[in-house]
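# Topology and contacts: notes
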Amino acid sequence: MSNLNVKFVAADREVWEGEVSRLIARTTEGEIGILPGHQPLLSVLIEGDVVVVPTSGERRTVQIDGGFLSVDKNVVTVVAQHVEMADAS
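Residues numbered from 1 in each chain as written. Predicted model: local features only at pLDDT ≥ 70, side-chain atom pairs only at ≥ 80, totals over all residues. Heavy atoms only, no water.

### Description of the nonpolar core
Here is the rule we go by: Buried Ala, Val, Leu, Ile, Met, Phe, Trp, Tyr and Cys residues form a nonpolar core when they are joined through side-chain atoms within 4.5 Å. For each residue, the accessible area found with a 1.4 Å probe, counting protein chains only, is set against the maximum for its type, and the residue is called buried under 20%, exposed over 50%, and partly exposed in between. In this description, contact between two residues means that some pair of their heavy atoms is separated by no more than 4.5 Å.
Core analysis: the biggest nonpolar cluster contains 22 residues, and Val6, Phe8, Leu23, Ile34, Leu69 and Val76 have the highest contact counts within it. Not counting chain neighbours up to four residues away, the residues in contact with leucine 69 comprise Leu23, Ile34, Leu41, Leu42, Ser43, Leu45, Val76, Thr77 and Val78.

This is the structure:
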């Protein structure tokens with residue numbers, strides 16, 4: 001099974017990059033889950049949490065203030081003005 005390469009980018013820096021098995025985010029159209037093999041996508045995100053599950057299995061929560069998400073060939077990029085990684089849960 002393949003994984004997703006996810007990158008979180010704030011206005012002033014790259015916050016986090018890693019391999020994940022899935023990502024869950026809230027868009028203006030509702031909640032979306034991204035798994036490996038997802039179709040290309042560009043979507044507007046709303047303020048809130050984005051959940052990623054790294055391949056190590058430790059679920060992480062990332063707080064954003066809105067922004068956008070792009071998916072292409074198992075690469076997911078989340079761009080927001082402010083991005084804050086919460087502690088591993």
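More follows now that the structure is in view.
### Some points on the confidence of the model for the protein
Where we set the bar: Residue-level confidence of the predictor is what pLDDT reports, using numbers from 0 through 100. Helical segments are the DSSP runs of H or I of at least four residues, strand segments are the runs of E of at least two, and each set is numbered from the N terminus.
Confidence along the protein averages 94 in pLDDT terms, with 96% of residues attaining 70 or more. The lowest-confidence element of the protein is strand S7 (residues 83-85), averaging 94 in pLDDT; the highest-confidence one is strand S6 (residues 75-79), averaging 98.

### Examining unusual backbone geometry
Notably, lysine 73 is not glycine yet its phi reads approximately 50°, a positive angle. Tracing the sequence through the fold places lysine 73 in the loop between strand S5 (60-72) and S6. The phi angle at asparagine 74 is positive, at roughly 65°, despite the residue not being glycine. Locating asparagine 74 in the fold gives a position in the loop between S5 and S6. The class of asparagine 74 is partly exposed, set by a relative accessible area of 22%.

### Re the pairing of S6
Each regular strand shows side chains that alternate between the opposite faces of the sheet. Convention followed: Two strands qualify as a pair provided DSSP detects at least 2 bridges between them.
The alternating pattern of S6 places Val76 and Val78 on a buried face and Val75, Thr77 and Val79 on a face that is not buried. Both S5 and S6 contribute to a ladder of 5 bridges, which runs antiparallel. Directly across from valine 71, in S6, lies its bridge partner valine 76. Between the end of S5 and the start of S6, which pair antiparallel, lie 2 residues, with lysine 73 showing a positive phi angle near 50°.

### Remarks on the pattern of salt bridges
For side chains bearing opposite charge, pairing can occur when the charged atoms are close. Rule in force here: Salt bridge, as applied in this entry: a Lys or Arg side-chain nitrogen positioned within 4 Å of an Asp or Glu carboxyl oxygen.
Evaluated as defined, the whole model comprises 2 salt bridges. A salt bridge links lysine 7 to glutamate 14, with the shortest nitrogen-to-oxygen separation between them at 3.8 Å. A residue is classified by how much of its surface remains accessible, and lysine 7, at 28% relative accessible area, is partly exposed. Between aspartate 12 and arginine 13 there is a salt bridge; the shortest N-O distance is 3.5 Å. Judged by its relative accessible area of 62%, aspartate 12 falls in the exposed class. According to the relative accessible area criterion, arginine 13 is partly exposed, its value standing at 43%.

### Quick word on the side chain of serine 43
Within the secondary structure layout, serine 43 lies in strand S4 (residues 41-54). If near-sequence neighbours (up to four positions away) are discounted, serine 43 is found in contact with Thr27, Gly67, Phe68 and Leu69.

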